Amino acid sequence: MKNDFNLRSADNIRILSMAMVEKARSGHPGGAMGGADFIQVLYSEFLKFDPDNPAWINRDRFFLDPGHMSPMLYSILTLSERMGIDDLRQFRQWGSPTPGHPEVDIERGIENTSGPLGLGHTMAVGAAIAERFLAARFGDLFAHKIYAFISDGGIQEEVSQGAGRIAGHLGLSNLIMFFDSNDIQLSTPTDAVTCEDTASKYRAWGWNVLTIDGNDHSAIREALSTAGNENERPTLIIGKTVMGKGLIDEDGNSFEGQVSTHGQPVSAAGGSFEKSTEKLGGDISDPFAIFPDVLEGWKEVLNTRREEVKEWQSAKENWSKENPELSDKLDRFYSGVVDSSLLTSVTQKRDIATRSASSEVLSHLAQKCENMIVASADLANSDKTDGFLKKSKPFEKGDFSGAFLHAGVSELTMAAIMNGMALHGGVIAAGGTFFVFSDYMKPAVRLAALMELPVIYIWTHDAFRVGEDGPTHQPVEHEAQIRLMEHLKNHSGERSMLVLRPADADETTIAWRMALKNRKTPTALILSRQNIKSLPSQADDRVKDAEGAERGAYTITDAGDNPDVILIASGSEVSTLAEAAEILRADGILAEVVSVPSEGLFRDQPAGYRRSVIKPGVPVFGLTAGLPVALQSLAGERGRVAGLESFGYSAPYPVLDEKFGFTAEKVSEEVKSFLSAEE
């Protein structure tokens with residue numbers, strides 16, 4: 001009876017998947033039809049979830065990597081009562097909860113936004129690390145599985161190398177991944193592009209690898225049971241499936257295994273939607289119908305899940321009574337709220353690099369923020385995330401009592417893993433590398449912004465002052481690129497990222513405080529390699545002054561009611577402007593200096609405040625170590641921004657400062673020239 005139910009349910013999924021794509025005249029039916037058997041057995045027999053509380057903290061997580069197989073996911077979520085038939089009818093339409101590629105929606109059972117292949121299963125690795133981290137602190141009662149579904153495309157994407165390596169190295173036995181190996185991709189069979197031995201590759205990384213007929217329910221069931229009992233290694237189940245399983249053409253001949261069914265409606269691909277629907281047991285007059293016996297079978301499944309959750313909740317209540325402090329801590333971890341006073345006791349040295357100031361903050365957080373996980377892409381001693389590491393210890397196979405991830409040289413992998421940690425919940429994820437290598441991270445950073453994840457990026461070596469390493473390591477265009485994310489709104493109407501480039505050590509502490517408070521979007525901290533002079537304080541309280549950063553921009557030196565010029569910058573250039581302002585003052589020019597760690601945040605302030613910082617009618621001169629466009633909109637049409645318009649060069653950074661005109665003397669001359677042209 002169980003097999004009959006699963007087979008009927010899988011066929012129902014195939015019909016629904018076809019119907020969605022046919023109605024939308026857009027989509028990918030073939031893979032969804034081939035993967036229907038696995039997804040049915042997984043959800044009906046193995047996946048732990050609460051039908052009445054999709055956000056249940058101890059649910060198993062399912063991460064879909066090939067987002068184009070969304071019809072399969074939407075169908076199983078409809079059978080498990082997370083979605084409705086009308087949602088399926090609106091597949092790929094405006095305002096629908098069933099977009100072409102799934103977008104994270106916990107209430108509907110969607111754990112991750114997927115689209116760029118490879119990132120979905122890499123996020124699953126992050127979730128698996130978060131689960132191990134939490135189980136190490138709260139006990140096996142809170143252990144659960146992370147399931148991932150990957151396709152041939154995800155296996156080919158380079159990020160799978162990092163995901164496979166890290167998961168195997170850490171022995172993430174809570175991670176179970178199904179490889180939907182149907183030998184077909186969008187434009188060709190897979191043998192046109194690869195001949196690698198996937199099973200051997202994953203075994204070399206330390207995975208448990210099982211190869212099965214991915215459309216055989218008994219084989220799927222046995223493989224999932226074996227994987228569930230594995231306690232040393234992550235498991236890869238290679239399921240040899242059939243693209244377009246169940247398809248026939250108008251003459252009744254098999255139309256399975258066709259490349260054409262990967263990315264277009266069955267009818268457009270050359271198959272028969274009508275005859276395939278009938279063959280699979282459906283009614284072409286209502287292809288969106290759920291079979292009555294499938295409906296009844298799923299009611300039993302959901303009732304069974306409710307009983308399982310009820311038993312767990314009872315055990316959890318007993319645990320909470322026996323461990324009240326741990327229980328409070330668990331609630332605090334999952335609330336996502338960070339104590340705003342966490343950094344009040346941080347004391348910074350003067351005139352240090354902002355990466356070093358960040359290290360001081362991280363050292364403090366390692367001891368005070370118990371649910372923080374910090375990662376670094378083989379640069380801990382240079383991006384100064386080792387401030388955290390020295391007060392914690394790295395994750396190791398079988399030991400997740402630490403809180404530091406050595407990600408190795410794999411920035412994109414690290415960024416996607418951080419997304420997975422944030423998606424799992426219960427932890428705060430931060431990761432560091434050189435700013436220039438943010439290029440490697442952009443796809444995962446963009447997904448974090450789209451998913452509204454509070455991931456923290458620690459990007460150091462922020463400008464040409466990296467020096468002798470030369471132009472390959474000197475970010476020039478990067479700040480302008482990442483600040484575009486401050487202009488791009490997410491689906492909640494918020495600026496999709498908070499980008500902060502602090503001007504000195506004390507401002508770095510405030511920037512970290514802002515990052516921890518920001519639970520709505522990712523935060524980027526852009527930090528210097530070289531030492532920076534601490535900024536002057538008119539009230540003799542630099543720490544208090546630095547709190548002005550919380551408004552995006554604030555005045556460092558006030559020139560009175562009638563300044564001659566306003567000087568604006570972020571990061572290390574602010575101290576250069578402060579020195580230049582002193583030179584200008586000696587020449588009778590009153591210059592007001594403004595630190596702008598976040599243009600986006602500044603633009604969100606009331607108009608009155610913005611006018612008090614950048615006064616209307618006063619000439620504005622900006623200085624940036626990147627492209628001038630980064631500050632041009634604040635400087636205005638009549639303003640001027642001095643910056644770089646070419647790649648850097650290899651030389652000691654003081655030499656570069658001199659050559660590029662980033663000394664106080666040269667900047668003051670530039671300001672005088674600008675003001676002369678204004679007259």
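Residues numbered from 1 in each chain as written. Predicted model: local features only at pLDDT ≥ 70, side-chain atom pairs only at ≥ 80, totals over all residues. Heavy atoms only, no water.

Engineer: Looking at this model, I keep getting lost on the overall build of the protein chain. Mind explaining?
Structural biologist: The helix and strand tally for the protein chain stands at 26 helices and 16 strands. At 28 Å, the protein chain has a C-alpha radius of gyration in line with the 26 Å of a compact globule built from 679 residues. Taking the principal axes of its C-alpha atoms as reference, the protein chain extends roughly 90 × 60 × 45 Å. On the protein chain, roughly 25700 Å² of surface is accessible, and the fraction owed to carbon and sulfur atoms is 48%. The averaged location of the 96 negative side-chain charges in the protein chain is 3 Å from the averaged location of its 67 positive side-chain charges. (Helix = DSSP H or I, 4+ residues; strand = E, 2+ residues; numbered from the N terminus. Rg over C-alpha atoms; globule rule 2.2 N^0.38 Å. Areas by Shrake-Rupley, 256 points an atom, 1.4 Å probe, with all protein chains shown as cover. Lys, Arg positive; Asp, Glu negative; His and termini not counted. Charge placed at Lys NZ, Arg CZ, Asp CG, Glu CD.)

Engineer: Would you mind showing me how to read the pattern of salt bridges here?
Structural biologist: Here the idea is simple: oppositely charged side chains can pair when their charged atoms come close. Here the structure, examined in full by the defined rule, presents 42 salt bridges. Of the charged contacts in the structure, one is a salt bridge between glutamate 479 and arginine 483, with a shortest N-O distance of 2.8 Å. A residue pair is termed a helical-turn pair when its members lie 3 or 4 positions apart in one helix, as glutamate 479 and arginine 483 do in helix 18 (residues 478-487) at four residues. The same class applies to glutamate 479 as to arginine 483, namely buried. For glutamate 479, the salt bridge is made with arginine 501, and the minimal N-O distance between the two is 3.7 Å. With glutamate 479 in helix 18 and arginine 501 in the loop between strand 10 (498-500) and helix 19 (505-517), the pair connects residues that are 22 residues apart, well separated along the chain. Members of the salt-bridge network, linked through shared partners, are Asp462, Arg465, Glu479, Arg483, Glu486, Arg501, Glu573 and Asp657. (Salt bridge = Lys/Arg side-chain N within 4 Å of Asp/Glu carboxyl O. Buried < 20%, exposed > 50% of the residue type's maximum accessible area, 1.4 Å probe, protein only.)

Engineer: Please clarify how helix 21 (residues 573-586) should be interpreted in this entry.
Structural biologist: Since there are 3.6 residues in each turn of an α-helix, residues three or four apart along the chain are aligned in direction. For helix 21, with 14 residues, the first-to-last C-alpha span of 20 Å sits near the 20 Å given by 1.5 Å per residue. Of the residues flanking the end of helix 21, it is glycine 588, one or two places downstream, whose phi is positive at about 85°. (Expected span 1.5 Å × (residues − 1).)

Engineer: Where do I start with the packing of helix 5 (residues 119-138) against helix 7 (residues 159-170) in this structure?
Structural biologist: Any two packed helices are characterised by how steeply their axes cross, that is the angle between the axes, and by the distance between the axes. It is at 9 Å that the axes of helix 5 and helix 7 come closest, and there the two elements cross at 25°. Classified by the interaxial angle, the pair formed by helix 5 and helix 7 is roughly parallel. Between helix 5 and helix 7 the crossing geometry is left-handed. Contact residues: helix 5 offers Leu119, His121, Thr122, Val125 and Ile129, while helix 7 offers Val159, Ser160, Ala163, Ile166, Ala167 and Leu170. Looking at the contact of helix 5 with helix 7 residue by residue, the class counts come to eight nonpolar, three polar and no charged. (Axes fitted to C-alpha atoms, helices over the stretch in contact; angles between N-to-C directions. Parallel < 35°, antiparallel > 145°, perpendicular 65-115°, else oblique. Left-handed = near helix turned anticlockwise from the far one by under 90°. Contact = heavy atoms within 4.5 Å. Nonpolar A, V, L, I, M, F, W, Y, C, P; charged D, E, K, R; others polar.)

Engineer: Sorry, what's going on with the packing of aromatic side chains here?
Structural biologist: By the definition in use, this model includes 26 aromatic pairs. Centroid distance phenylalanine 602 to tyrosine 609: 6.3 Å. Interplanar angle 70°. Geometry classified as edge-to-face. What makes tyrosine 609 buried here is its relative accessible area of 16%. Following the ring pairs from residue to residue traces out a cluster consisting of Trp56, Phe138, Phe142, Trp312, Trp319 and Phe333. Stacked on the ring of tyrosine 609, the Lys or Arg arginine 551 has its end atom at 3.8 Å from the ring centre. (Phe/Tyr/Trp six-rings, centres within 6.5 Å; stacked < 30°, edge-to-face > 60°. Lys NZ or Arg CZ within 6 Å of the ring centre and 35° of its normal.)

Engineer: Any chance you could explain unusual backbone geometry here in plain terms?
Structural biologist: The general pattern is negative phi for most residues beyond glycine and trans for most peptide bonds. The phi dihedral of glutamate 81 falls on the positive side, at around 65°, and the residue is not glycine. Looking at the element boundaries, glutamate 81 is found in the loop between helix 3 (70-79) and helix 4 (85-89).

Engineer: When you look at the side chain of serine 570 in this model, what are you seeing that I'm missing?
Structural biologist: Along the polypeptide, serine 570 turns up in the loop between strand 13 (565-569) and helix 21. Under the relative-accessibility criterion, serine 570 is labelled buried at 5%. Look past the residues within four positions of serine 570 in its chain and what remains in contact with it is Glu479, Arg483, Arg501, Val596 and Pro597.

Engineer: In this structure, what is going on with a negative patch on the surface? I would like to understand it.
Structural biologist: Among the surface-exposed residues, Glu250, Asp251, Glu274, Glu278 and Asp283 lie close enough to one another that they form a single negatively charged patch. Positionally, glutamate 278 belongs in helix 11 (residues 273-279). Using a relative accessible area of 48% as the deciding quantity, one classes glutamate 278 as partly exposed. (Patch = residues over 30% accessible without salt bridge, like charges linked within 9 Å, V, L, I, M, F, W, Y side chains within 5 Å.)

Engineer: I tried to follow the side chain of arginine 501 on my own but got confused; where do I start?
Structural biologist: Here arginine 501 falls in the buried class, since its relative accessible area comes to 1%. A polar contact of 3.0 Å, which involves the side chain of arginine 501, links it to the backbone oxygen of serine 570. Not counting residues up to four positions away in its chain, the partners in contact with arginine 501 are Asp462, Ala463, Glu479, Arg483, Glu507, Ile526, Ser570, Gly571, Ser572, Glu573, Pro597 and Ala625. (Polar contact = N/O pair within 3.5 Å; in protein donor to acceptor, adjacent residues only side chain to side chain.)

Engineer: Please explain the nonpolar core as it appears in this structure.
Structural biologist: Note that soluble globular proteins tend to have their nonpolar side chains buried in a common cluster. Ile129, Leu365, Met372, Trp512 and Leu567 are the most contacted members of the largest nonpolar core, which has 153 residues in total. Considering each element in turn, this core owes the most residues, eleven residues, to helix 5. Grouped together as the second largest cluster of nonpolar side chains are 58 residues, Ile76, Leu79, Ile220 and Ala223 included. (Core = buried A, V, L, I, M, F, W, Y, C linked by side-chain atoms within 4.5 Å.)

Engineer: What is the right way to read helix 13 (residues 324-335) from this model?
Structural biologist: The first and last C-alpha atoms of helix 13 sit 16 Å apart over twelve residues, in line with the 16 Å expected at 1.5 Å per residue. Buried within helix 13 we find Ser327, Lys329, Leu330 and Phe333. Down the axis, helix 13 shows its buried residues gathered within 160° of arc, on one side only. Next to the buried residues of helix 13 lie helix 5 and helix 12 (292-322). Immediately downstream of helix 13, the backbone of glycine 336 shows phi near 80°, a positive value. (Arc of directions from axis to C-beta.)

Engineer: I keep staring at the sheet that holds strand 4 (residues 208-213) and nothing clicks. Help me out?
Structural biologist: If you trace the five strands from one edge of the open sheet to the other, you get 1-2-3-5-4, paired in parallel fashion. The sheet is open, and its two edges are formed by strand 1 (61-64) and strand 4, each paired on a single side. Averaged over all neighbouring strand pairs, the angle between strand axes comes to 20°, with direction disregarded. (Pairing = 2+ DSSP bridges.)

Engineer: Please clarify how the sheet that holds strand 12 (residues 554-557) should be interpreted in this entry.
Structural biologist: Strand pairing in a sheet relies on backbone hydrogen bonds. The paired strands run either parallel or antiparallel. The strand order across the open sheet built from five strands is 12-14-13-15-16, with neighbouring strands paired in mixed fashion. The outermost strands of the open sheet, each flanked by one partner alone, are strand 12 and strand 16 (640-642). Each neighbouring strand pair of the sheet contributes to a mean axis angle of 30°, computed without reference to strand direction. Relative to strand 14 (residues 591-595), strand 12 runs antiparallel, the two being bridged by three bridges.

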